[in-house]
Amino acid sequence: MSVQTSDIVGDFAGRLLDWYDQSARVLPWRIAPNSGGDPDPYRVWLAEVMLQQTTVAAVAGYFARFTERWPTVADLAAAGDADVMAAWAGLGYYARARNLLACARVVMRDHGGRFPDSEAGLRALPGIGDYTAASVAAIAFGRAAVVIDANVERVIARHRLIETPLPMAKREIRAALALLVPGDRPGDFAQALMDLGATVCTPRGPACAICPLMADCRARGRADIERLPVKPPKKAKPHRHGLAHWIEQDGQLWLVRRPDKGMLGGMRALPGGEWGEVPSESGIVSVDHGFTHFDLTLTLVRRAAPHEGPDAAAEGLWWPIADLDAAGLPTLYRKLTDKMLERDA
DNA sequence: CAGCCGTGGTT
DNA sequence: TAACCAAGGCT
């Protein structure tokens with residue numbers, strides 16, 4: 001009776017953390033809420049980088065393999081570039097893998113093998129932007145950082161009925177959230193908000209009836225709640241065509257390493273020409289593949305030897321076709337070689 | 001700021 | 001099914 005209703009409704013973090021204690025997802029990189037254990041900064045950082053623009057389901061297997069093979073940041077820093085890139089193959093956004101290695105090596109060289117425990121210190125490392133610096137600071141080091149990802153943007157935009165389109169709305173969202181971050185359990189608070197966005201306050205069909213923030217959510221019950229957060233219209237994707245060269249010799253296939261910058265940078269690939277607007281020739285098999293900003297039809301053609309084409313200058317190697325799975329080809333080429341080998345079979 | 005950078009799941 | 005979207009960072 002002594003507690004005002006406004007105080008109860010206003011306890012945003014309390015309601016959210018109570019919900020989290022009941023409903024937290026069980027994830028390989030997450031220790032149980034209130035378990036008292038200290039999360040390993042290396043594992044937190046690795047998971048957060050893998051989770052950038054990538055779903056939990058896609059990350060799980062990669063996280064298990066990476067932590068098994070490279071249990072500490074020292075192990076990862078000592079790994080070979082090609083091994084790490086191959087282990088990342090299929091996860092996408094390959095600049096993350098290059099930055100991951102660079103970051104591990106900076107942590108070893110400049111920080112004595114320990115991750116900086118402040119948001120600013122983390123933010124200065126390669127591959128760590130605003131989100132990842134805040135999330136690692138909060139989850140691994142208990143810092144009351146303002147952690148904002150796409151889930152948080154959606155939850156806050158709805159809770160506060162922010163109709164400003166992204167990315168302009170980021171200022172309002174940050175200002176609103178900064179007032180809500182608790183000094184106690186900031187890491188659980190951040191993860192709770194993300195869990196809520198992923199499982200309750202979903203892009204479509206949010207489960208408002210079971211939401212712990214329902215009482216004071218300004219968008220609750222609105223027919224147009226799915227409109228929030230407002231996003232800019234997307235641009236149309238062009239369609240491109242390209243060739244890939246199948247150069248086989250004694251059961252081995254000629255692979256190249258793509259340049260660090262640009263599409264699939266640093267990854268092993270089949271050699272081939274530039275991707276253009278029109279198909280150049282027909283081939284043995286072809287695959288359609290969607291990238292973020294264009295769609296590609298890639299056609300496989302036989303070539304006799306690497307030195308006969310424009311591939312002579314490319315750094316390459318012969319790879320046993322029987323062991324092609326271990327080559328670390330990105331999905332685009334994996335689809336193509338799978339189709340080729342299936343056709344021959 | 002806006003464009004670039006992968007992939008797979010969901011609706 | 002085509003569109004949308006995801007624990008973003010870099011230039």
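Computed from a prediction, not measured in an experiment: that's the story for all the values here.

1. Points about the packing of helix H10 (residues 150–159) against helix H11 (residues 170–178)
Two numbers describe how H10 lies on H11: the axes approach to 10 Å, and their chain directions differ by 80°. In terms of orientation, H10 lies roughly perpendicular with respect to H11. Taking contact as the criterion, the partners of Val-152, Glu-153 and Ile-156 in H10 are, on H11, Lys-170, Ile-173, Ala-176 and Leu-177. Residues that form the contact of H10 with H11 fall into these classes: 5 nonpolar, no polar and 2 charged.

2. Points about the pairing of strand S5 (residues 285–290)
Of the two faces of S5, the one lined by Val-285, Val-287 and His-289 is fully buried and the one lined by Ser-286, Asp-288 and Gly-290 carries no buried residue. Inspection of the sheet shows S5 paired to strand S6 (residues 295–302) by 6 bridges, in the antiparallel sense. Residue pairing for S6: Asp-288 is matched across the bridge by Thr-297.

3. Things to note about the protein's contact with DNA strand B
The full set close to DNA strand B counts 21 residues, and Tyr-94, Leu-264, His-289, Thr-292 and His-293 are the nearest of them. Protein-adjacent atoms of DNA strand B, using a 4 Å cutoff, are sugar or phosphate at a proportion of 66%. In this structure, Leu-264 approaches DNA strand B through a main-chain N or O atom, which is 2.4 Å from a phosphate oxygen. Of all elements in the fold, only S5 and helix H13 (331–344) reach the threshold of two or more residues within the surface near DNA strand B. Here the residues of the surface near DNA strand B sort into 9 nonpolar, 10 polar and 2 charged.

4. Focus on the domain arrangement of chain A
Partitioning chain A into structural domains gives domain 1 (5–227) and domain 2 (239–344). Look at where the C-alpha atoms of domain 1 and domain 2 centre, and you get two points 35 Å apart. Across the contact, 8 residues belong to domain 1 and 12 residues belong to domain 2. Taken together, both faces of the contact between domain 1 and domain 2 bury some 720 Å²; the carbon and sulfur share is 58%. Among the residues of domain 1 in contact with domain 2, Met-85, Tyr-94 and Arg-98 are the three that bury the most area, contributing 54% of the side total. Scanning the region where domain 1 abuts domain 2 turns up 0 salt bridges. On inspection of domain 1 and its partner domain 2, the count reaches 3 residue pairs in polar contact (both at pLDDT 80 or more). In terms of residue count, helix H6 (residues 81–88) provides more of the side of domain 1 that touches domain 2 than any other element does, 3 residues in total. Tallied by class, residues from the side of domain 1 that touches domain 2 come to 6 nonpolar, 1 polar and 1 charged.

Parameters and conventions
Residues numbered from 1 in each chain as written. Chains lettered and ligands numbered in written order. Predicted model: local features only at pLDDT ≥ 70, side-chain atom pairs only at ≥ 80, totals over all residues. Heavy atoms only, no water. Axes fitted to C-alpha atoms, helices over the stretch in contact; angles between N-to-C directions. Helix = DSSP H or I, 4+ residues; strand = E, 2+ residues; numbered from the N terminus. Parallel < 35°, antiparallel > 145°, perpendicular 65-115°, else oblique. Contact = heavy atoms within 4.5 Å. Nonpolar A, V, L, I, M, F, W, Y, C, P; charged D, E, K, R; others polar. Buried < 20%, exposed > 50% of the residue type's maximum accessible area, 1.4 Å probe, protein only. Pairing = 2+ DSSP bridges. Near = heavy atom within 4 Å. Polar contact = N/O pair within 3.5 Å; in protein donor to acceptor, adjacent residues only side chain to side chain. Domains from an automatic or database assignment. Buried area = accessible area lost by both parts, 1.4 Å probe. Salt bridge = Lys/Arg side-chain N within 4 Å of Asp/Glu carboxyl O.

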